[in-house]
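Spelled out from the first residue to the last, the chains are:
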Amino acid sequence: MALQCGIVGLPNVGKSTLFNCLSNAKAQAANFPFCTIEPNVGVINVPDERLTKLAEIVHPGRIVPATVEIVDIAGLVKGASKGEGLGNQFLGNIRQTDAIIHVLRCFDDDNVVHVDGSVNPVRDKEIIDTELQLKDLESVESRIQKVEKIATMGGNKDAKVEFNVLKAYREALLSGKSARTVTFESKEEQQAAHDLFLLTTKPVLYVCNVDEKSARTGNAYVDAVREAVKDEHAEILVVAARTEADIAELETYEERQMFLEDIGLEESGCNRLIKTAFRMLNLETFITAGEMEVKAWTYRKGWKAPQCAGVIHTDFERGFIRAEVIKYADYIKYGSESAVRDAGLLHIEGKEYEVQDGDIMHFRFNV
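The shown structure was predicted, so the numbers you read here are calculated from the model rather than taken from an experiment.

Rules used in this analysis
- Residues numbered from 1 in each chain as written.
- Predicted model: local features only at pLDDT ≥ 70, side-chain atom pairs only at ≥ 80, totals over all residues.
- Heavy atoms only, no water.
- Core = buried A, V, L, I, M, F, W, Y, C linked by side-chain atoms within 4.5 Å.
- Buried < 20%, exposed > 50% of the residue type's maximum accessible area, 1.4 Å probe, protein only.
- Helix = DSSP H or I, 4+ residues; strand = E, 2+ residues; numbered from the N terminus.
- Contact = heavy atoms within 4.5 Å.
- Phe/Tyr/Trp six-rings, centres within 6.5 Å; stacked < 30°, edge-to-face > 60°.
- Lys NZ or Arg CZ within 6 Å of the ring centre and 35° of its normal.
- Salt bridge = Lys/Arg side-chain N within 4 Å of Asp/Glu carboxyl O.
- Pairing = 2+ DSSP bridges.

Draft legend 1. Region of the structure containing the nonpolar core. Of all hydrophobic cores here, the largest spans 68 residues; its most connected members are Leu-18, Leu-22, Ile-70, Ile-94, Val-207 and Leu-273. Examining the composition of this core, we find that six residues originate from one element, helix H10 (residues 269–280), more than from any other. Residues in contact with Leu-273, not counting those within four places in the same chain, are Leu-18, Leu-22, Ile-101, Leu-205, Val-207 and Leu-237. Membership of the second largest hydrophobic core comes to 20 residues, among which are Val-140, Ala-151, Ala-159 and Ala-193.

Right, dumping it as structure tokens:
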């Protein structure tokens, strides 16, 4: 399941530095605008301590974590919706992603040029928001011209639903709000909204890039961002990207943990960001555990057992009979599949079972 999060922001806010920490792909990071032109893509492992603990019991040949793709998209500038900078190309790159990681500069440093001459993360956020909203408004207006007559003159029910959705989005966008602030009650409206693929309906995570001393508690810039986004359906994460880059250079886990402890953190900002991005995409994992491998498999929250079986192989879904499910906590407590079975805690589930995050599963099928 190849899902992507796109890293966006103004030039020189720390996007590529953060991307390098996440992926070790070493995207070019420099102190001038448009350093990144083509998007860099990194396939990132999702940190999951459960896999390590299961491996200590099962002793598999390998551990295979879940992954998510992170895309480093070049810095947007004011006027991008009209093609300024390399705007149309960048906006196209954003459109292809499933969620947005919006990096905001929340640190002072005279040696790092700010494209607008001063540090103001709320202003920077509004610049990016405006460009995305303007592009969405352009898309909505164009679509309205195509469906309005069909919706108002004919009896096409789908056209009427889409027209109502478009009008709601246009009203929000004209008032300077992102499309994600609009909610719809009916499934028909929700589907019509989804099918428009607007930029500002994508889930967003605001990453406040701070200096090392602000990594644990944030600063006044972060407080201003929190106030600015309090009415949005969005999350905020505080990360010191330059410090994370230093941590990533350390060779051993123990060294990295000591560094984190010195600055008052239990977990690296990169790990927290990856986990948050995974959750933001509405993803969870079930696990298979055996001598060959302990592996995390990615699925959409709410999927039933046959759908999850299909993640492993389409034949598993087509010929699904049942799923044998062990809860992660039970596996750790009893120390083996046979011990869990003897305790009566191995559950046999059918087609209507909704898989839960961390379920250890074995599928029975026949084709």
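Draft legend 2. Spotlight on the packing of aromatic side chains. In total, this model carries six aromatic pairs according to the counting rule given. Seen from their ring centres, Phe-286 and Trp-297 are 6.4 Å apart, and the 15 degrees between their planes marks the pair as stacked. In this pair, Phe-286 is assigned in strand S8 (residues 283–289) and Trp-297 in strand S9 (residues 293–300), connecting sequence segments eleven residues apart. Taking the relative accessible area as the measure of exposure, Phe-286 reaches 0% and is therefore buried. Here Trp-297 falls in the buried class, since its relative accessible area comes to 13%. Ring geometry for Phe-286 and Tyr-299: centres 6.0 Å apart, planes at 40 degrees, overall tilted. With a gap of 13 residues between them, Phe-286 in strand S8 and Tyr-299 in strand S9 connect regions that are remote in the sequence. Accessibility assignment for this pair places Phe-286 and Tyr-299 in one class, buried. Chaining the aromatic ring pairs together yields one cluster made of Phe-286, Trp-297, Tyr-299, Phe-320 and Phe-363. The ring of Phe-107 has Arg-105 lying over it, and the distance from NZ or CZ to the ring centre is 4.5 Å.

Draft legend 3. Quick peek at the pattern of salt bridges. On inspection of all chains with the given rule, the structure shows 22 salt bridges. The salt bridge partner of Glu-232 is Lys-125, with a shortest N-O separation of 2.9 Å. You can see Glu-232 sitting in the loop between helix H7 (220–228) and strand S7 (234–239) and its partner Lys-125 sitting in helix H4 (residues 121–153), a full 107 residues away along the chain. Judged on exposure class, the residue Glu-232 and its partner Lys-125 are both buried.

Draft legend 4. Quick peek at the pairing of strand S10 (residues 320–326). Within S10, five of the seven residues are buried, leaving the element largely enclosed by the surrounding structure. As paired strands, S10 and strand S12 (residues 360–365) are joined by six bridges and run antiparallel to one another. From the neighbouring strand, Val-325 faces S12, where its bridge partner is Met-361. As judged from the three bridges shared by S10 and strand S11 (residues 347–349), these two strands associate in the antiparallel manner. Pairing of Ala-323 across the sheet is with Glu-349, part of S11.

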